[in-house]
Amino acid sequence: MEKVIAGIQQIGIGIPDVHKATEWYRKYFGMDIKVFEDAATAELMLPYTGGKPHDRTAILTLNMKGGGGFEIWQYTSRKPQPAEFDIKMGDLGINCGKIKSINVPQTFEEMTAAGLDVITPLKKTPADEFTFFVKDLYGNIWQIVESTSFYKKKTPSSTGGVVGAVIGSSDIDKSLKLYRDVLGYDVVVFDETGSFSDFGGLPNGDDQYRRVLLRHSEVRKGGFSKMFGPTEIELIEVKVREGRKIYEDRYWGDLGFIHLCFDIQGMDYLQEDLEEEGFPFTVDSANSFDMGEAAGRFTYVEDPDGTLIEFVETHRVPILKKLGWYIDMTKRDPKKNLPDWMIGALKFNKLNDPESSSRLSGAAKTGWLFLAAWVVFQIVLFNSGLENSSVQVSSWATWSFLTLASFFIPFLLVKGGGSIKRLVQNKA
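Residues numbered from 1 in each chain as written. Predicted model: local features only at pLDDT ≥ 70, side-chain atom pairs only at ≥ 80, totals over all residues. Heavy atoms only, no water.

Asker: If you had to explain the overall build of the protein chain to someone new, which residues and values would you point to?
Answerer: The number of helices and strands found in the protein chain is nine helices and 19 strands. Within the span of the protein chain, comprising 428 residues, buried residues form 53% of the whole. For the protein chain, the proportion of contacts with a sequence separation of at least 24, taken over those separated by at least 6, is 71%. Element-wise, carbon and sulfur atoms account for 53% of the exposed surface of the protein chain, whose accessible area totals about 19,400 Å². (Helix = DSSP H or I, 4+ residues; strand = E, 2+ residues; numbered from the N terminus. Buried < 20%, exposed > 50% of the residue type's maximum accessible area, 1.4 Å probe, protein only. Contact = heavy atoms within 4.5 Å. Areas by Shrake-Rupley, 256 points an atom, 1.4 Å probe, with all protein chains shown as cover.)

Asker: Break down the packing of aromatic side chains for me, citing the residues and quoting the values.
Answerer: Think of a pair of aromatic rings as described by two things: how far the centres are apart, and how the planes are tilted against each other in angle. Evaluated as defined, the whole model comprises 21 aromatic pairs. Their ring planes at 80° and their centres at 5.3 Å tell us that Trp24 and Phe29 sit as a pair that is edge-to-face. Judged by its relative accessible area of 15%, Trp24 is buried. Ring geometry for Tyr25 against Phe29: centres 5.9 Å apart, planes inclined by 25°, an arrangement best described as stacked. Placement of both Tyr25 and Phe29 in helix H1 (residues 18-29) is noted, with a separation of four residues, approximately one turn of the helix. The two residues Tyr25 and Phe29 agree in class, both being buried. (Phe/Tyr/Trp six-rings, centres within 6.5 Å; stacked < 30°, edge-to-face > 60°.)

Asker: How would you summarise the pattern of salt bridges if you had to cite specific residues and measurements?
Answerer: Per the counting criterion, the structure on display carries 26 salt bridges. With a closest N to O distance of 3.6 Å, Asp91 and Arg241 form a salt bridge. Within this pair, whereas Asp91 is found in the loop between strand S4 (69-75) and strand S5 (93-101), its partner Arg241 is found in the loop between strand S13 (232-238) and strand S14 (256-265), the two being separated by 150 residues in sequence. Assessed through its relative accessible area of 22%, Arg241 is described here as partly exposed. The shortest N-O distance in the salt bridge between Arg211 and Asp198 comes to 2.9 Å. Placement of the pair is Arg211 in strand S12 (residues 209-215) and Asp198 in the loop between strand S11 (187-194) and S12, with a sequence separation of 13 residues. Like Arg211, the residue Asp198 is buried in the burial classification. Three or more residues joined by partner-sharing salt bridges are found here, namely Lys98, Glu129, Asp198, Arg211, Arg215, Glu232 and Glu234. (Salt bridge = Lys/Arg side-chain N within 4 Å of Asp/Glu carboxyl O.)

Asker: Residue-level account of the nonpolar core, with values.
Answerer: Among the nonpolar cores identified, the biggest contains 50 residues, and Tyr25, Phe29, Phe70, Trp142, Phe262 and Phe311 are the most heavily contacted of them. Ranked by the residues each element gives to this core, the list is headed by H1, at five residues. Every residue in contact with Phe311, bar those within four places of it in the chain, is listed here: Leu183, Phe262, Ile264, Met267, Leu270, Leu274, Arg297, Phe298, Thr299 and Val301. Counting 31 residues, the second largest nonpolar core, distinct from the first, contains Met45, Ala58, Tyr300 and Leu308. (Core = buried A, V, L, I, M, F, W, Y, C linked by side-chain atoms within 4.5 Å.)

Asker: Talk me through the environment of Glu234; I want residue IDs and the actual numbers.
Answerer: Summarising the element assignment, Glu234 is placed in strand S13. Sequence separation of Glu234 and Ser169 is 65 residues, and the distance between their C-alpha atoms is 9.9 Å. Sequence-distant contacts of Glu234, defined by excluding residues within four places in its chain, comprise Lys98, Gln143, Ala165, Val166, Ile167, Phe190, Phe199, Arg211, Val212 and Leu213. Here Arg211 takes part through its side chain, which lies 2.6 Å from a polar atom of the side chain of Glu234. (Polar contact = N/O pair within 3.5 Å; in protein donor to acceptor, adjacent residues only side chain to side chain.)

Asker: Which residues make up the environment of Phe196, and what values do they have?
Answerer: By the element assignment, Phe196 lies in the loop between S11 and S12. You can call Phe196 buried: its relative accessible area is 10%. Separated by 15 residues in the primary sequence, Phe196 and Arg211 place their C-alpha atoms 9.5 Å from one another. Setting aside its immediate chain neighbours within four residues, Phe196 contacts Pro126, Gly205, Tyr209 and Arg211.

Asker: Describe helix H2 (residues 104-113), and please don't skip the residues or the numbers.
Answerer: Here H2 has its buried residues at Val104, Thr107, Phe108 and Met111. Looking straight down H2, one finds that the buried residues subtend no more than 105° of arc, so they occupy a single side. For H2, the exposed residues set more than 90 degrees away from the buried face come down to Glu109 and Ala113. Those residues of H2 hidden inside the fold are in contact with H1, S5, strand S6 (117-118), strand S8 (130-135), strand S9 (141-146) and strand S10 (159-168). Two to three positions downstream of the cap, the backbone nitrogen of Gln106 sits 3.0 Å from a side-chain oxygen, assigning the N-cap of H2 to Asn103. After H2 finishes, the residue Gly115 shows a positive phi value of roughly 85°. (Arc of directions from axis to C-beta.)

Asker: With reference to specific residues and values, describe the side chain of Glu313.
Answerer: Among the secondary structure elements, Glu313 is positioned in strand S18 (residues 308-320). Put simply, Glu313 is tucked away with no salt bridge, and the nearest opposite charge, on Arg297, sits 4.8 Å away. Polar contacts involving the side chain of Glu313 include one to the main-chain amide nitrogen of Gly266, which spans 3.0 Å. Looking at Glu313, its side chain comes within polar contact range of the main-chain nitrogen of Met267, at 3.0 Å. When sequence neighbours within four positions are dropped, the list of residues in contact with Glu313 reads Ile264, Gln265, Gly266, Met267, Gly296 and Arg297. (Lys, Arg positive; Asp, Glu negative; His and termini not counted.)

Asker: Help me get a handle on the pairing of S8, residues and values and all.
Answerer: As paired strands, S6 and S8 are joined by two bridges and run antiparallel to one another. Among the inter-strand pairings, Val118 is bridged to a residue of S8, identified as Val134. Of the strand pairs in this sheet, strand S7 (residues 123-124) and S8 are connected by two bridges, and their pairing is antiparallel. Its bridge partner lying in S8, Lys123 is registered against Thr131. Taking the residues between adjacent antiparallel strands as the criterion, S7 and S8 are bridged by five residues, where Asp128 takes a positive phi near 65°. Bridge count for S8 against S9 is five bridges, and the pairing is antiparallel. Within the sheet, the bridge partner assigned to Lys135 lies in S9 and is Ile141. Taking the residues between adjacent antiparallel strands as the criterion, S8 and S9 are bridged by five residues, where Gly139 takes a positive phi near 90°. (Pairing = 2+ DSSP bridges.)

What follows is the structure, encoded as structure tokens:
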């Protein structure tokens, strides 16, 4: 076996209110597929949490247009801390998350009209591609970038998920040993030094920078590689001052962009490559972690400036949580994509718009899904002429009863399960 990098799985964001942030990102960035929500103690991150375990709540959301997800992360055992200084472009760490758009000028107009804090005008990058930058409700900066790769194009939002990050570096040539030589970002789209018009409006955006935009020449492989799509890393090195570490004297999980996470298979092989280049694991969950609805092995390394890069080897992932449907990734070919219908089932984990009362409930969606599956099954049997088709061997009354049951039994099970869950939560 070898290391298989499927793509950027998620970017970690430390925030003060996990549920408020989840709703904001759903509404304005289209991150409306909830993969998991987990409240637990971070036992393994001691090198980055003052040597003591701390409680946290984490929610992972995706966008069906594709791209990586948002791991929205909140301390519950302590108050998450902001940086004690104003973060500037080129400071060491993740400066901005990158989100892909199906039409950047359209997204610019939509976000401006929605009253979002759009902090730069619509400009073109040194790669001659439209871009702009916007702040979220907690002041984190996101770059909206062009893309031609989308998993599902017909979604309400014009934006997809995470397609990369802008990372501050003190020496880009040293950083390339990790991002190019190990992670496979071997295509230099541009490598330029100067001041840049598309940075105008960013904190100290008028300074002199070396900017290197990296993409990968090989198409990523792995279960969710089609969902994540192509990604990019932009390394920036400020020339007129020394960049400060964004997480200087703070904990992993404090406010801001805390890590960039890659979905991989073959963790042991990845470890060998990383150690050969001088990037040993600083955290390793070893056999398997369990976040209630997802499980696997996670590790961390630091880039040459201490920016945290996470790797997750997924062992189990929820597809249809209401019915307890999970995929065991350990039994699959690590290079093979999951079938589209399976990934498409994630849409049944969609977060509802609280301002809309017209959407179908989760129970109704589940019922309709099973009804459709039953009808398709019967059509296939009927057309094949098999004698065991219920259309041929059963009375219409029996067939009608089974058809109705295919809807109402899953509907009632999910409805009842939700009611029981609410009852338990209320009692607790």
